[in-house]
Amino acid sequence: MAVEIIMPKLGVDMQEGEIIEWKKQEGDLVNEGDVLLEMMSDKTSMELEAEDSGVLLKIVHGNGATVPVTEVIAYLGAEGESVDVATSSTPAPASAPEVAPIATEPVVAATPAPVAKPQGGGKVRATPAARKVAKDLGIDLGLVPGTGANGRVHKSDVEDFKGAAPKASPLARRIAADKGINLEDLVGTGVNGKILKEDVLAAVAASQPAAVEEAPTKAAEKPAKELPEGVEIIKMSPMRKAISKGMVNSYLTAPTFTLNYDIDMTNLMALRKQVLEPIMNKTGLKVTFTDLIGLAVTRTLMKEEHRYMNASLINDAQEIELHKFVNLGIAVGLDDGLVVPVVHGADKMSLSEFVVASKDVIKKAQSGKLKGAEMSGSTFSITNLGMFGTKTFNPIINQPNSAILGVASTVQTPVVIDGEIKIRPIMALCLTIDHRIIDGMNGAKFMVDLKNLLENPLELLI
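Residues numbered from 1 in each chain as written. Predicted model: local features only at pLDDT ≥ 70, side-chain atom pairs only at ≥ 80, totals over all residues. Heavy atoms only, no water.

## Topic: the sheet that holds strand S17 (residues 403–417)
Piece 1. The strand order across the open sheet formed by 6 strands is S9-S18-S17-S16-S12-S15, and the pairing between neighbours is mixed. Because the sheet does not close on itself, it has two edges, and the strands there are strand S9 (256–264) and strand S15 (342–343).
Piece 2. Pairing analysis gives 2 bridges linking strand S12 (residues 328–330) to S15, with the strands arranged antiparallel. What sits directly across from Leu328, in S15, is Val343.
Piece 3. With respect to the sheet, helix H10 (residues 440–455) is in contact with S9, strand S16 (380–384), S17 and strand S18 (420–434), its orientation differing from that of S9 by roughly 20 degrees. (Pairing = 2+ DSSP bridges. Helix = DSSP H or I, 4+ residues; strand = E, 2+ residues; numbered from the N terminus. Contact = heavy atoms within 4.5 Å. Axes fitted to C-alpha atoms, helices over the stretch in contact; angles between N-to-C directions.)

## Describing the side chain of Ser381
Piece 1. Examined against the element boundaries, Ser381 turns out to sit in strand S16.
Piece 2. Classification of Ser381 by relative accessible area gives buried; the value is 1%.
Piece 3. In this structure the side chain of Ser381 is engaged in a polar contact, spanning 3.3 Å, whose partner is the side chain of Asn398.
Piece 4. Ignoring any residue separated from it by four or fewer positions in sequence, one finds Ser381 in contact with Gly329, Val340, Asn398, Asn401, Ala403, Ile404 and Leu405. (Buried < 20%, exposed > 50% of the residue type's maximum accessible area, 1.4 Å probe, protein only. Polar contact = N/O pair within 3.5 Å; in protein donor to acceptor, adjacent residues only side chain to side chain.)

## Details of helix H8 (residues 289–301)
What sets the pattern is the α-helix's 3.6 residues per turn: residues three or four places apart point alike.
Piece 1. For H8, with 13 residues, the first-to-last C-alpha span of 18 Å sits near the 18 Å given by 1.5 Å per residue.
Piece 2. Burial of H8 is extensive: 10 of the 13 residues sit out of reach of the surface.
Piece 3. Three or more residues of H8 are buried, namely Asp291, Leu292, Ile293, Gly294, Leu295, Ala296, Val297, Thr298, Thr300 and Leu301. (Expected span 1.5 Å × (residues − 1).)

## Observations regarding the packing of aromatic side chains
Piece 1. Scanning all chains against the criterion turns up 1 aromatic pair.
Piece 2. The interplanar angle of 45 degrees and the centroid separation of 6.1 Å between the aromatic rings of Phe380 and Phe446 together place this pair among those described as tilted. One end of the pair, Phe380, is in strand S16; the other, Phe446, is in helix H10, and 66 residues separate them in sequence.
Piece 3. The aromatic ring of Phe289 is capped on one face by Arg272, whose charged end is 5.1 Å from the ring centroid. (Phe/Tyr/Trp six-rings, centres within 6.5 Å; stacked < 30°, edge-to-face > 60°. Lys NZ or Arg CZ within 6 Å of the ring centre and 35° of its normal.)

## Some points on unusual backbone geometry
Piece 1. Residue Pro400 is reached from Gln399 by a cis peptide bond, and omega for that bond is 10 degrees.
Piece 2. Relative to the elements of secondary structure, Pro400 occurs in the loop between S16 and S17.

## Details of the pattern of salt bridges
Piece 1. Counted by the stated rule, this structure contains 13 salt bridges.
Piece 2. Linking Asp291 and Lys359 is a salt bridge whose minimum nitrogen-to-oxygen distance equals 2.5 Å. Highlighted residues: Asp291 in helix H8 and Lys359 in helix H9 (residues 351–367), separated in sequence by 68 residues.
Piece 3. Taking the relative accessible area as the measure of exposure, Lys359 reaches 22% and is therefore partly exposed.
Piece 4. When the shortest N-O distance is used, the salt bridge between Arg307 and Glu304 registers 3.3 Å. (Salt bridge = Lys/Arg side-chain N within 4 Å of Asp/Glu carboxyl O.)

## A short note on the environment of Gly33
Piece 1. If you trace the backbone, Gly33 turns up in the loop between strand S3 (29–30) and strand S4 (35–41).
Piece 2. Note: C-alpha distance between Gly33 and Glu51 (18 residues apart in sequence) is 6.3 Å.
Piece 3. Look past the residues within four positions of Gly33 in its chain and what remains in contact with it is Glu49 and Ala50.

## Structural notes on the packing of H8 against H9
Piece 1. Where H8 meets H9, the axes come as close as 10 Å, and the angle between the chain directions of the two elements is 115 degrees. Here H8 lies roughly perpendicular to H9, going by the angle between them. Note on packing geometry: the crossing formed by H8 with H9 is right-handed. Along its contact with H8, which presents Asp291, Leu292, Gly294 and Leu295, the element H9 presents Leu351, Phe354, Val355, Ser358 and Lys359.
Piece 2. Across the contact of H8 with H9, the residue classes break down as 5 nonpolar, 2 polar and 2 charged. (Parallel < 35°, antiparallel > 145°, perpendicular 65-115°, else oblique. Left-handed = near helix turned anticlockwise from the far one by under 90°. Nonpolar A, V, L, I, M, F, W, Y, C, P; charged D, E, K, R; others polar.)

## A short note on the sheet that holds S3
Piece 1. Pairing within the open sheet is antiparallel, and its 4 strands lie in the order S1-S8-S6-S3. Among the strands making up the open sheet, the edge pair consists of strand S1 (3–6) and S3.
Piece 2. Sheet topology note: the strand S6 (residues 54–59)/strand S8 (residues 72–77) ladder contains 4 bridges and is antiparallel. Bridging across to S8, Val55 finds its partner in Gly77.

## What about the pairing of S1?
Piece 1. Side-chain alternation along S1 places Val3 and Ile5 on one buried face and Glu4 and Ile6 on a second face that is also buried.
Piece 2. Here 4 bridges tie S1 to S8, and the two strands are oriented antiparallel to one another. Its bridge partner lying in S8, Val3 is registered against Leu76.

## Describing the packing of helix H7 (residues 266–283) against H9
Piece 1. Across the interface, H7 lies against H9 with an axial gap of 10 Å and an inter-helix angle of 65 degrees. Handedness of the crossing formed by H7 with H9: right-handed. Residues Val275, Ile279, Lys282 and Thr283 of H7 lie in contact with H9, whose contacting residues are Leu351, Ser352, Val355 and Val356.
Piece 2. Of the residues contributing to the contact of H7 with H9, the split by class is 5 nonpolar, 2 polar and 1 charged.

## Examining helix H4 (residues 197–207)
Piece 1. Those residues of H4 that fall on the buried side of the exposure criterion are Lys197, Asp199, Val200, Ala203 and Val204. The buried residues of H4 occupy an angular sector of 170 degrees when the element is viewed end-on, so they sit on one face. (Arc of directions from axis to C-beta.)

## A look at a nonpolar patch on the surface
Piece 1. Taken together, the side chains of Val248, Tyr251, Leu252 and Ile396 define a hydrophobic patch exposed on the protein surface, amounting to about 440 Å² of accessible area.
Piece 2. Residue position: Leu252 is located in helix H6 (residues 238–253). (Patch = residues over 30% accessible without salt bridge, like charges linked within 9 Å, V, L, I, M, F, W, Y side chains within 5 Å. Areas by Shrake-Rupley, 256 points an atom, 1.4 Å probe, with all protein chains shown as cover.)

## Examining the confidence of the model for the protein
Piece 1. Of all residues in the protein, 82% have pLDDT values of 70 or greater, and the mean over the chain is 81.
Piece 2. Here residues 87–122 scores under 50 on pLDDT; set against residues more than four positions off or in separate chains, the count is 61 contacts.
Piece 3. Note that residues 210–215 has pLDDT below 50 and, in this model, 1 contact with residues that lie over four places away or in other chains. (pLDDT = per-residue confidence, 0-100.)

Written out as structure tokens, the structure is:
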């Protein structure tokens, strides 16, 4: 029996994903773990691996298609098996014209009837969205009949099990919510009475006949907008949409201020020179100043007096979640956006271990190989623009962190030491703080301790 391959939901805010390139074609043999396609999810591209083995029977959405999460994008099954995509609630590929629903008896074989799950210890097949809803509602997935291939439980199955809500495709639910249509008033034309997108659109047309009838005429009369010479309009990528949404939310939600400190890098530069060869021999990797600064930040955050620097606001900003560990986010700039891979458990690492872990996630970020877990769970973040000669800047907090540290350039600067003017390598650090959690004095104390550690860095090796 054919198995559905769905667009996975890899983050809380992820609503859709873009298929960049299929690595397998229809008719290809697929083994469990094989890379099926490359996709763009929120802020990064990643590879989607097969959860089952079989033949790729049908690709529903081709390269370049943007697909809502949990929608079917392909079918996997036995060689020679056929699937009838016409009875699926999944939209057709982006390259194909949309076909109106056929008012005939649906082919029940293409979408099997709900399959009861065993209550024993067997594995329950379910989509990520279904598992999340079941967990939030405290529902045992083993009790929920699944309507997907091989009895796979979908999100709608869990919702139906909870309150006998009308069966509808995710796209139909979104359109109904947007247009104010009550799904309970509709009769679905899909398999087993499932409400499809077309059913909702028909209800919208029935409730607003005049507007719907006039729309094509007005659209035909309105000439296409002519762009001035030298102007080009491009579609915003999923990554840019995610960055835009996250930055606007952070900027408008958190009242922030930025503290700027100068760091004398003389001793840190000397330490890096000393450990460069030993760490290279041990790990095969070169230690960078970002590694040293990241480890120094981690050690400073673990001090009890700085616990609010390593915290998050939760429950509508009514409670503060304190972390007794450090998951350090490191901002990585890409050609078309920005991602923040996370070094999990940084507080437990030595310098060489931190070098290995940070290089691993940074390399994955640059090659688009990051997994969802490697982009989530940060408790504090750093961002480095020093290599571009940036003297100072105000970084925007990576929510739900309470602060972010910006690293600016190191400049040979005349300073007064013991009454004499000397030239020292001075680096600027810029700490942006969420004032809802941290006050200026506490932020300044954190920066004083971080400055002392960076200027006397031997403690990093202890």
